[in-house]
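Below are the chains, spelled out letter by letter.
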Amino acid sequence: MAETPSRILPDDRQPVIIAARRTPICRANGVLKTVRAHELLAPVLRRLLSDTGVAPDRVADVVIGNAVGGGGNVARLAALDAGLPVSVPGLTVDRQCGSGLDAIVLASRLVAAGGGGVYLAGGVESISTAPLRAHRGRDGAPEFFARAQFAPGRYGDPDMGAAAENVAAHFGVSRDRQDAVALRSHQRALASAAAGFFDAEIVALPGGSGPDGVFTAGSDDGPRRGLTAAVLARFPPAFAAGGTVTAGNSCFDADGAAAVVITSVKGARELGAADGLLVRETDTAGVDPQLLGIGAAAAAERLLERSGLTAAELGLVEFNEAFASQTIACLDQLGIAPERANLDGGALALGHAYGASGAVLITRLLAQARRSPVEGQLALALISIAGGMGTAALLEYRTLS
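Residues numbered from 1 in each chain as written. Predicted model: local features only at pLDDT ≥ 70, side-chain atom pairs only at ≥ 80, totals over all residues. Heavy atoms only, no water.

Peer 1: Requested: an account of the packing of aromatic side chains, with residues and values cited.
Peer 2: Applying the stated criterion across every chain yields a total of one aromatic pair. A centroid spacing of 6.1 Å and a plane angle of 80° characterise the contact between F239 and F323, whose relative ring orientation is edge-to-face. Of this pair, F239 sits in the loop between α6 (229-233) and β10 (254-264) while F323 sits in the loop between β12 (316-319) and α9 (324-334); the two residues are 84 residues apart in sequence, bridging distant segments of the chain. If you follow R22 out to its NZ or CZ, it ends over the ring of F198, 5.1 Å from the centre. Of note, R27 hangs over the ring of F252, and the distance from its end group to the ring centre comes to 3.9 Å. (Phe/Tyr/Trp six-rings, centres within 6.5 Å; stacked < 30°, edge-to-face > 60°. Helix = DSSP H or I, 4+ residues; strand = E, 2+ residues; numbered from the N terminus. Lys NZ or Arg CZ within 6 Å of the ring centre and 35° of its normal.)

Peer 1: Residues and numbers for the pairing of strand β7 (residues 142-145), please.
Peer 2: With four bridges connecting them, strand β6 (residues 133-136) and β7 associate as antiparallel partners. Along β7, the bridge assignment pairs R133 with F145. The hairpin formed by β6 and β7 contains five residues between the paired strands, and G140 there has a positive phi angle of roughly 90°. (Pairing = 2+ DSSP bridges.)

Peer 1: Let's hear about the pattern of salt bridges: which residues, and what values?
Peer 2: Under the defined criterion, the tally for this structure stands at 20 salt bridges. A salt bridge links D275 to R370; the nearest nitrogen and oxygen atoms lie 2.9 Å apart. With D275 in strand β11 (residues 275-286) and R370 in helix α11 (residues 354-371), this residue pair connects regions lying 95 residues apart in the sequence. Owing to a relative accessible area of 11%, D275 belongs among the buried residues under this scheme. (Salt bridge = Lys/Arg side-chain N within 4 Å of Asp/Glu carboxyl O. Buried < 20%, exposed > 50% of the residue type's maximum accessible area, 1.4 Å probe, protein only.)

Peer 1: Requested: an account of the pairing of β10, with residues and values cited.
Peer 2: Side chains on a regular strand alternate between the two faces of the sheet. Of all 11 residues in β10, 11 are buried, a share of seventy percent or more. The sheet contact formed by strand β1 (residues 15-22) and β10 spans seven bridges and is antiparallel. Across the sheet, A19 pairs through a bridge with V261, a residue of β10. Examined bridge by bridge, strand β5 (residues 118-125) and β10 share seven bridges and lie antiparallel to one another. Counterpart to G122 in the pairing with β10 is A259.

Peer 1: Go over the packing of helix α3 (residues 99-112) against α11, please, and point to the residues and values.
Peer 2: Contact pair α3 / α11: the axes reach a minimum separation of 4 Å and the direction vectors enclose 60°. Taken together, the axes of α3 and α11 lie oblique to each other. From α3, S99, G100, L101 and I104 reach across to α11, where they touch G355, G358, A359 and I362. Taken together, the residues of the contact of α3 with α11 break down into four nonpolar, four polar and no charged. (Axes fitted to C-alpha atoms, helices over the stretch in contact; angles between N-to-C directions. Parallel < 35°, antiparallel > 145°, perpendicular 65-115°, else oblique. Contact = heavy atoms within 4.5 Å. Nonpolar A, V, L, I, M, F, W, Y, C, P; charged D, E, K, R; others polar.)

Peer 1: Outline the environment of E375, listing residues and values.
Peer 2: Within the secondary structure, E375 sits in the loop between α11 and β13 (378-385). Relative accessible area serves as the criterion here: at 33%, E375 is assigned to the partly exposed category. Considering only alpha carbons, one finds E375 and E39, 336 residues apart in sequence, at a separation of 37 Å. In terms of polar contacts, E375 uses its side chain to reach the side chain of T399, at 3.1 Å. (Polar contact = N/O pair within 3.5 Å; in protein donor to acceptor, adjacent residues only side chain to side chain.)

Peer 1: I'd like to hear about the environment of A195, residue by residue, with values.
Peer 2: By the element assignment, A195 lies in the loop between α5 (175-194) and β8 (205-210). Judged by relative accessible area, which is 46%, A195 ranks as partly exposed. Sequence-wise, A195 and L314 are 119 residues apart; in three dimensions their C-alpha atoms are separated by 24 Å.

Peer 1: An account of the confidence of the model for the protein is requested, with residue identities and associated values reported.
Peer 2: Here the protein shows a mean pLDDT of 94. Residues at 70 or above account for 96%. Between residues 1-6, whose pLDDT stays under 50, and residues either more than four places distant or in other chains, the model counts 19 contacts. (pLDDT = per-residue confidence, 0-100.)

Peer 1: Outline the environment of E281, listing residues and values.
Peer 2: With respect to the element layout, E281 can be found in strand β11. Put simply, E281 and L304 are 23 residues apart on the chain and 8.7 Å apart in space, counted from C-alpha to C-alpha. A distance of 3.3 Å separates polar atoms of two side chains, one belonging to E281 and the other to R306.

Peer 1: Report on α3, specifying residues and quantitative values.
Peer 2: Relative to the 20 Å expected for 14 residues at 1.5 Å per residue, α3 spans 20 Å between its end C-alpha atoms, a close match to the ideal helical length. In terms of burial, α3 is a largely internal element, 11 of the 14 residues being buried. Looking only at α3, the buried set comprises S99, G100, L101, D102, A103, I104, V105, A107, S108, V111 and A112. Immediately beyond the C-terminal end of α3, within one or two residues, lies G114, with a positive phi of roughly 90°. (Expected span 1.5 Å × (residues − 1).)

Put into structure tokens, the structure is as follows:
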């Protein structure tokens, strides 16, 4: 594959992802309902150190995305729970749904800036154990609310489902296309699980108490075997009368964590890494909050233009399927056929663990690149974000020997 115009930095500053792991992605208030965010993440961090042979005291920082947690710096808490020494700090990033991908972007930029060392980066979400939220009223009493405000009222601040309907209407995305994307996501996830494609990336977790005592969550529990086009067609509109967005072509809330090991090419070679994903370019863009689902396309367009690339040159694409409507609208805008993305299924089947989802995209891309290695193959991860934003990252598979 020919070299692309995107810059490659010197080996001591070129960031590369050499390992990625995730927990099972499980429905919120299900098997992982008692497992707190740091307890989801810590086993993933431990496994990454074991996978790569990185000495815990060599970790420069732990950078973790989280969207609905209780604050208190879950990155630091998870790092200590994972057994990293007290000398290793932690940083928690909140860009809502983009948090996990933005944490990885930030860590890669630290490497590119000459920060040196090894970074653990990714995201985590325990929607099941997230704290209740409340403002203090004038009398000091708590006034509970379901979600944070993402944009001032003058811009409009739609709920996610309403925003998905806005995107479907604005970009002319039909119900049939949405249902088809949802069905394909489930079918691909089921096929990939049956083929064992997820086995090497999942870190099994203790789940909770069952009739036989403590059981283990070792696989994703979202993909539905009985789903068909006829079943999807029976779902009523979920967010607007006469709308096209349904529970069947929307993601479900999930608990989970995902993280990667990022270092320089020089550092990766010192660790004996055979290959990895170079982080070539990244971008985050803002869009109209009423059409927040299109944010990923805006970021990817700028990234590709700056890199001198077209969508046709991308080998692998992972998009966070929060809703089929925004998945189709973004990929259409980029000129990417929806069937080219999410080869192993996406969030429509696996679920959306908010702050972890962007890191899940990178985990999937590294696994796919290694499954069918093509030197120089380009990969794109992209995610739309509440409040009217999107983040995209361009990666390139390279052997390091």
